[in-house]
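Coordinates in review
Letter by letter, the chains look like this.
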Amino acid sequence: MLSEFDLIKRYFQRDRAPGPNTALGIGDDCALLSPTPGKVLAISSDMLVEDRHFFAGADPYTLGHKCLAVNLSDLAAMGARPLGFTLALSLPAAEPDWLDAFSRGLFALADAHGCELLGGDTTKGPLNVCITIFGELAPGQALRRDAARVGDDIWISGTLGDARLWLAARRSEVALDAADHAATGQRMHAPAPRIALGRLLAEGNLAHAALDISDGLVGDLKHILAASRVGAVLDVDALPAGPALARQPIGLRRRFAAAGGDDYELCFTAPVAQREAIQAAGAACGTAVTRVGSITSEPGLRLVDGDGAELDLQLAGWDHFSPG
Ligand SMILES: Nc1ncnc2c1ncn2[C@@H]1O[C@H](COP(=O)(O)OP(=O)(O)OP(=O)(O)O)[C@@H](O)[C@H]1O
Ligand SMILES: Cc1ncc(C[n+]2csc(CCOP(=O)(O)O)c2C)c(N)n1
Ligand SMILES: [Mg+2]
């Protein structure tokens, strides 16, 4: 039988020297973080709850990856460099095989981004993983939601909608062949946080506003529009659909690319003069970037097709408390 403290020591307290920004790691009442002098901290929390963010029986390795990936994605959306994170875990049981796989998935991504586990909390209860992440960036460089300007291009990283397509297949709403099922499952369970792109956009002063797309593009873009007091026109047919979604009928393609959710891609706005620099930044970090619309002075979000004709798609972002 694993005790609470055995569990922490065995799976989460690593036998290695702390990183340069960690003054004190796991084991005391608080961790002590040393940000680089002159930088500001970027802080965000994201919680994943069984039967809401993932299905019961989810693979623990990819769950470990995803719960950190969605937090790193918020740092990417601000243009911050990851420093460390805390992990609050509620577990129905102390299962060694589950904990081994979960911690391996978590640390594989943490190590890839030099992001150290600083501490956390562990309790028995329904399966629930909550991470708080800390990053840093230069003052004034953050990609804020209130910084979009009229005339900006709207850009998207990577591709959209394949995670939503996996969810539709899981709910038996669509049928996918084995290859598309595996590829879309990878998008749902193992999103790649766009840290490198976010940092290039912020440090090069290339973009104005940004966020990461977790609730679906149209819902999330509205946060930028509201905060910046602007409107936008979005070319739904220019949205980069994921490879599996691109093979689906146009109605589904438009709906899932524009409002799928679980994408963890960046949506950012930038001056027209930065087009070439943004393409170069995307190429430099191996992440496709696609121009999908522009910021307007007329309020509201207009969706148009490839010919510029208005589309009435009635799309909404994910809302935990909406009845739909
Ligand atoms: N319980 C809460 N108390 C205080 N602030 C909160 C709380 N829940 C959310 N917020 C804040 O509200 C804002 C929107 O939260 P939300 O979780 O939707 O973030 P997001 O970045 O849009 O989505 P995601 O976390 O999925 O990327 C954030 O600034 C967040 O810190
Ligand atoms: C089992 C299961 N059902 C539905 C979904 C879809 N989903 C759940 S929460 C969310 C928005 C992001 O969460 P938050 O706003 O809390 O960051 C989305 C798109 C899923 N991933 N798993
Ligand atoms: Mg976010």
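If you're wondering where the values come from, they're calculated on a predicted model, not measured in any experiment.

Looking at the UniProt feature "binding site: Mg(2+) 2" (unreviewed entry) in the protein
Those places that UniProt annotates as "binding site: Mg(2+) 2" (unreviewed entry) correspond, in this numbering, to D46 and D74. For this annotated set, covering 29 residues, all C-alpha atoms fall within 8.9 Å of each other, a compact arrangement in space. From the set just named, the residues that line the largest pocket comprise D46 and D74. Residue placement: D46 occurs in strand β3 (residues 40–49).

Here we look at the site of ligand 1
All residues adjacent to ligand 1 are D46, D74, R145, D212 and S214. Here an oxygen atom of ligand 1 and a side-chain polar atom of D74 are 2.8 Å apart. In the model, an oxygen atom of ligand 1 is placed 3.0 Å from a nitrogen or oxygen of the R145 side chain. Grouping the constituent residues of the shell around ligand 1 by class yields no nonpolar, one polar and four charged.

Observations concerning the layout of surface pockets
In this model, the largest pocket occupies a volume close to 1,200 Å³. Elements with a minimum of two residues in the lining of the largest pocket: β3, α2 (60–78), α4 (162–170), α5 (178–189), α7 (217–228) and α8 (250–259). Here the residues of the lining of the largest pocket are counted per class, giving 17 nonpolar, 15 polar and 16 charged. In this structure, the lining of the largest pocket is formed jointly by two domains, domain 1 (4–137) and domain 2 (145–304), each of which donates at least three residues. Space inside the second largest pocket adds up to approximately 370 Å³. Only α1 (4–12), β4 (81–91) and β5 (116–124) provide two or more residues apiece to the lining of the second largest pocket. Residue composition of the lining of the second largest pocket, by class: ten nonpolar, six polar and five charged.

Notes on the side chain of H65
Inspection of the secondary structure assignment puts H65 in helix α2. With sequence-adjacent residues up to four places away left out, H65 is seen in contact with G105, L106, L109, H189, A190 and P191.

Focus on the domain arrangement of the protein
Taken domain by domain, the protein comprises domain 1 (4–137) and domain 2 (145–304). On a C-alpha basis, the centres of domain 1 and domain 2 stand 26 Å from each other. The partner domain 2 presents 19 residues to the 19 residues of domain 1 that form the contact. Taken together, both faces of the contact between domain 1 and domain 2 bury some 1,600 Å²; the carbon and sulfur share is 65%. Across the domain 1-domain 2 interface, the total number found is one salt bridge. Linking D262 and K66 is a salt bridge whose minimum nitrogen-to-oxygen distance equals 3.1 Å. Seen at the junction of domain 1 and domain 2, the total is four residue pairs in polar contact (both at pLDDT 80 or more). Counting only elements with at least two residues in the side of domain 1 that touches domain 2, the list comes to α2 and β4. Among the elements that line the side of domain 1 that touches domain 2, the one with the most residues is α2, at twelve residues. Taken together, the residues of the side of domain 1 that touches domain 2 break down into eleven nonpolar, five polar and three charged.

Some details on the sheet that holds β5
Read from one edge to the other, the open sheet built from four strands follows the order β3-β6-β4-β5, with strand pairing classed as mixed. On the outer flanks of this sheet lie β3 and β5, each paired with one strand and no other. Along the sheet, successive strands turn relative to each other by an average axial angle of 15°, direction set aside. Bridge count between β4 and strand β6 (residues 128–137): nine bridges; the pairing is antiparallel. Paired with R81 across the bridge in β6 is E136. Of the strands in this sheet, β3, β4 and β6 are in contact with α2, which crosses β6 at around 35°.

Overview of the coordination of the magnesium ion (ligand 3)
Donor atoms from the polypeptide that bind the magnesium ion (ligand 3) are D74 (OD) and D212 (OD), placed at 2.0 Å. One end of the pair, D74, is in helix α2; the other, D212, is in strand β8 (residues 210–212), and 138 residues separate them in sequence. A residue is classified by how much of its surface remains accessible, and D74, at 17% relative accessible area, is buried.

Comments concerning the packing of α4 against α5
The geometry of α4 relative to α5 is characterised by a closest axis approach of 7 Å and an angle of 115° between their N-to-C directions. With respect to α5, the element α4 is oriented roughly perpendicular. When you trace α4 past α5, the crossing you get is left-handed. Residues D162, A163, L165, W166, L167 and A169 of α4 touch α5, and the partners they reach there are H181, T184, G185, R187, M188 and H189. Among the residues forming the contact of α4 with α5, the class breakdown is six nonpolar, four polar and two charged.

Procedures and definitions
Throughout this document, residue positions are counted from 1 along each chain, in the order its sequence is written. To read the labels, note that chains go from A and ligands from 1, taken in the order they are written. Local features in this predicted model are restricted to residues whose pLDDT is 70 or higher, and side-chain atom pairs enter the listing and the counts only when it is 80 or higher, whereas totals over whole chains, interfaces and linings include all residues. The basis for every side-chain value is the complete set of non-hydrogen atoms in the structure, without hydrogens or water. UniProt positions are given in the numbering used here, feature names are shortened, and annotations may be inferred rather than shown by experiment. Of the two site types, the cavity is a set of points on a 1 Å grid over the protein atoms alone where a 1.4 Å probe fits but cannot get out, and the pocket is an open set with protein on both sides within 12 Å along at least five of seven lines, each lined by residues with an atom within 4 Å of a point. Working definition: helices are DSSP H or I runs of at least four residues, strands are E runs of at least two. Numbering for both runs from the N terminus. Proximity is defined per residue: any heavy atom of the residue falling within 4 Å of a molecule or strand makes that residue near it. Counted as a polar contact is a pair of N or O atoms within 3.5 Å, where, for protein atoms, one must be capable of donating a hydrogen and the other of accepting one, and residues adjacent in sequence contribute only when both atoms are in side chains. The nonpolar class holds Ala, Val, Leu, Ile, Met, Phe, Trp, Tyr, Cys and Pro. Asp, Glu, Lys and Arg form the charged class, and all remaining residues, Gly among them, are polar. Grid points are joined across faces, edges and corners, and a volume is the space filled by probe spheres set on the points. Note that domain bounds follow an automatic or database assignment of domains. Residue contacts are counted whenever heavy atoms from the two residues lie within 4.5 Å of one another. Joining two parts hides part of their accessible area as seen by a 1.4 Å probe, and the buried area is that hidden amount summed over both. Salt bridges are defined by distance alone: a side-chain nitrogen of Lys or Arg within 4 Å of a carboxyl oxygen of Asp or Glu. We treat two strands as partners when DSSP finds at least two bridges between them. Helix axes use the C-alpha atoms of the stretch in contact, all axes being lines fitted to C-alpha atoms, and the angles between their N-to-C directions lie in the range 0 to 180 degrees. Think of the donor list as every N, O and S atom within 2.8 Å of the metal, or within 3.2 Å for Na, K and Ca; water never makes the list, so a site can look incomplete. Exposure classes here rest on a 1.4 Å probe applied to the protein chains alone. A residue is buried below 20% of its type maximum, exposed above 50%, and partly exposed in between. To sort the angles, those under 35 degrees are grouped as roughly parallel, those over 145 as roughly antiparallel, those from 65 to 115 as roughly perpendicular, and the leftovers as oblique. Helix crossings get a hand from a simple test, with the near helix turned counterclockwise from the far one by less than a right angle marking a left-handed crossing and a clockwise turn marking a right-handed one.

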